[in-house]
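As a plain string of letters, each chain reads:
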Amino acid sequence: MKSSRESPASGPRQHLLETASRLFYLEGINAVGVDRILQQAGVTRATLYRHFAGKEALVVAYLEREDALIRHHLEAAADRAVSPDHMLELVIEGIAEDAWRHHTRGCPFINATAEFPDPANPVRQVVSRHRVWFRAVLEEYLTAAGREDSAIKADTLVMLRDAVLVGSYLDDSEASRRTFLRTARCAAGLP
């Protein structure tokens, strides 16, 4: 089952990464062994080690891919936004859509953190960099929209994103989506 978020395979490395990403997200990183990834991708162990130092490097690439997808979506939203308030609305709608349609099994970053508890681990470092960037970009959008206390509001929106991604998986996804949209718009000072 190929996600609409995946790009066409551009070679063995990309195909391997897409396969591993799908399995890691759907089944859990530690639950999926290298042999299963190789079998599903239809590649050899030599191909894996030609492109990645090992499973941990593949996990890092998976999370970097998730980060790149989110950055791409925010860049696309910035291209469409007609005002700072519109950008905030697009970001909030994008988060809700992501939790409802794409990340239906929780946040890949939170899920990875649960499996890699050591903050010094390279996997956790990717998660930390992503969260610092995401919070900073939200603060930038809030500041551009003239919001006071943009740092506090950015912290709130990050927390709400975490909540909708987890809530959409654990509870009624449509109810989580509606609650997130209402609460995030209020936190961002949108009508």
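All figures in this text were calculated on a predicted structure; none of them were measured in a lab.

## Concerning the UniProt feature "DNA-binding region" (unreviewed entry) in the protein
Step number 1: Mapped onto this numbering, the UniProt entry annotates "DNA-binding region" (unreviewed entry) at residues 33-52.
Step number 2: Secondary structure within residues 33-52 divides into 75% helix and 0% strand; the distance between the first and last C-alpha atoms comes to 15 Å.

## Re the environment of R131
Step number 1: The topology assignment puts R131 in helix α7 (residues 122-144).
Step number 2: Residue R131 is classed as partly exposed on the basis of its relative accessible area, which comes to 28%.
Step number 3: Measuring from C-alpha to C-alpha, the distance between R131 and E93 comes to 19 Å, with 38 residues separating the pair along the chain.
Step number 4: Excluding residues within four positions of it along the chain, R131 makes contact with V158 and D162.
Step number 5: At 2.8 Å, the side chain of R131 forms a polar contact with the side chain of D162.

## Some details on α7
Step number 1: Taking 1.5 Å per residue as the helical rise, α7 with its 23 residues ought to reach 33 Å, and the 33 Å between its terminal C-alpha atoms agrees with that figure.
Step number 2: Buried residues of α7: V123, R124, V126, V127, H130, W133, F134, V137, L138, Y141 and L142, and no others.
Step number 3: Here the buried face of α7 lies against α4 (55-80), α5 (84-102), α6 (108-115) and α8 (150-170).
Step number 4: Just downstream of α7, G146 is the residue with a positive phi angle, here 80°.

Each value, and the rule that gives it
Residues numbered from 1 in each chain as written. Predicted model: local features only at pLDDT ≥ 70, side-chain atom pairs only at ≥ 80, totals over all residues. Heavy atoms only, no water. UniProt positions renumbered as here; feature names shortened; annotations may be inferred. Helix = DSSP H or I, 4+ residues; strand = E, 2+ residues; numbered from the N terminus. Buried < 20%, exposed > 50% of the residue type's maximum accessible area, 1.4 Å probe, protein only. Contact = heavy atoms within 4.5 Å. Polar contact = N/O pair within 3.5 Å; in protein donor to acceptor, adjacent residues only side chain to side chain. Expected span 1.5 Å × (residues − 1).

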